[in-house]
Amino acid sequence: MALQRLTRERYFVVSQITDCKNHFLNNLYFRLNTLEAELPTSVFGNTMMTVLSGEKYTLDEIAQMPLETLTQDLNQLSHGRFGEPEEVAKALKKAIRSSYRLNKTVADSVDQILAMYIREIRMFQKQLKELDKSIAALCAVIDGAKSLNSMPGLGPVYSAGLLAEIGQIERFPDEASLASYAGLSWRRSQSGGSERQLTPRTHNGDQYLRYYLVEAANSIRVHDPVFAKYYDKKYGEVPKYQHRRACIMTARKLVRVIYKLLSDHELYVPAKVV
């Protein structure tokens, strides 16, 4: 129960960060409609958020700054972590100059909103770090954590989210019942002697368990070649929503592995890619 309180709160904090980022991008596009196409780095990096927040200078001041000065400032703010600070500086100045002009009153309002969302994003990110630290400490003493942590790319936070929602694995008679509990099952559709192959996924189940399964699957497929191969296969089967579908299908595959690891109290042994 203690672990579940933390992991569910983490779920909501992540949702808040996503919402804030979406609102931030909507307002940023209104202010700098060409920035994302020009910028060779993420706008959500700490350096870029400092620049866009107006803490040091306004966007109009950036446009007028000498390229060398802006490059030095970016390099200093990033502590030398920008690989190409001059390219970032050029892209930023170009985006400011090429975006459509707003009158000062509107521009000031948008800048205020951008600064507000940057403060909120940073606040939630700080909360997320604190939650992750507490979750990792508590997960270390939970039964089954060692088995799940043995999977490459899973880690203590995602393991904790899974264990908090699954509870005792003995509650589930098989892996199909665990998948159904998470909402990772598909309705059967039969007519006469035929059965449809394309059927919709059920939209009930434990949303928190489903979230951690999908996030865990997306992380594991980066580190495990077997899961990577399965993800790529599912990604290539459809013309749209490829990533979302592939992650959900990979999460369903992950359910089988998790059920066996927790049921048998064993460590994960990567299978060989054929």
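Residues numbered from 1 in each chain as written. Predicted model: local features only at pLDDT ≥ 70, side-chain atom pairs only at ≥ 80, totals over all residues. Heavy atoms only, no water.

(A) Structural detail: the overall build of the protein chain. Scanning the protein chain from N- to C-terminus turns up 13 helices and 2 strands. Along the three orthogonal principal directions, the C-alpha set of the protein chain runs to about 70 × 50 × 40 Å. Within the protein chain, the proportion of its 274 residues that are buried is 43%. Contacts in the protein chain between residues far apart in sequence, at least 24 positions, make up 67% of those at least 6 positions apart. Measuring between centres, the 37 positive side-chain charges of the protein chain sit 4 Å from its 30 negative side-chain charges. (Helix = DSSP H or I, 4+ residues; strand = E, 2+ residues; numbered from the N terminus. Buried < 20%, exposed > 50% of the residue type's maximum accessible area, 1.4 Å probe, protein only. Contact = heavy atoms within 4.5 Å. Lys, Arg positive; Asp, Glu negative; His and termini not counted. Charge placed at Lys NZ, Arg CZ, Asp CG, Glu CD.)

(B) View of helix H9 (residues 155-166). Here H9 spans 17 Å end to end across 12 residues, near enough to the 16 Å set by a 1.5 Å rise per residue. By the criterion of burial, H9 is predominantly enclosed, with 10 of the 12 residues buried. The set of residues buried in H9 consists of Val157, Tyr158, Ser159, Ala160, Gly161, Leu162, Leu163, Ala164, Glu165 and Ile166. Close packing links the buried residues of H9 with helix H1 (2-31), helix H7 (104-139), helix H8 (145-149), helix H10 (175-182), helix H11 (207-223) and helix H13 (242-264). (Expected span 1.5 Å × (residues − 1).)

(C) The arrangement of the environment of asparagine 103 in detail. In this fold, asparagine 103 is placed in the loop between helix H6 (85-98) and H7. Between the C-alpha atom of asparagine 103 and that of lysine 133, which follows or precedes it by 30 residues, the distance is 45 Å. Within the local environment of asparagine 103, its side chain forms a polar contact with the backbone nitrogen of threonine 105, the two atoms lying 3.1 Å apart. At 2.9 Å, the side chain of asparagine 103 and the backbone nitrogen of valine 106 are in polar contact. (Polar contact = N/O pair within 3.5 Å; in protein donor to acceptor, adjacent residues only side chain to side chain.)

(D) Structural view of the packing of aromatic side chains. Here the structure, examined in full by the defined rule, presents 9 aromatic pairs. Arranged with centres 6.1 Å apart and planes meeting at 75 degrees, the rings of phenylalanine 12 and tyrosine 208 form a pair that is edge-to-face. Pair noted here: phenylalanine 12 is in helix H1 and tyrosine 208 is in helix H11, with a separation of 196 residues, a long-range link. The class of phenylalanine 12 is partly exposed, set by a relative accessible area of 42%. By relative accessible area, tyrosine 208 is classed as buried at 12%. Geometrically, the ring pair formed by phenylalanine 24 and phenylalanine 44 is tilted, given 5.6 Å between the ring centres and 50 degrees between the ring planes. One end of the pair, phenylalanine 24, is in helix H1; the other, phenylalanine 44, is in the loop between helix H2 (35-38) and helix H3 (46-52), with 20 residues separating them in the sequence. The same class applies to phenylalanine 24 and to phenylalanine 44, which are both buried. Pairwise contacts between aromatic rings join Tyr11, Phe12, Tyr158, Tyr208, Tyr211 and Tyr212 into one cluster. The ring of phenylalanine 227 has lysine 253 sitting right over it, with the charged end atom 5.6 Å from the ring centre. (Phe/Tyr/Trp six-rings, centres within 6.5 Å; stacked < 30°, edge-to-face > 60°. Lys NZ or Arg CZ within 6 Å of the ring centre and 35° of its normal.)

(E) Spotlight on the packing of H10 against H11. Contact pair H10 / H11: the axes reach a minimum separation of 7 Å and the direction vectors enclose 110 degrees. What the angle tells us is that H10 and H11 run roughly perpendicular. Residue-level contacts link Leu178, Tyr181 and Ala182 of H10 to Leu209, Arg210 and Leu213 of H11. Of the residues in the contact of H10 with H11, the class split is 5 nonpolar, no polar and 1 charged. (Axes fitted to C-alpha atoms, helices over the stretch in contact; angles between N-to-C directions. Parallel < 35°, antiparallel > 145°, perpendicular 65-115°, else oblique. Nonpolar A, V, L, I, M, F, W, Y, C, P; charged D, E, K, R; others polar.)

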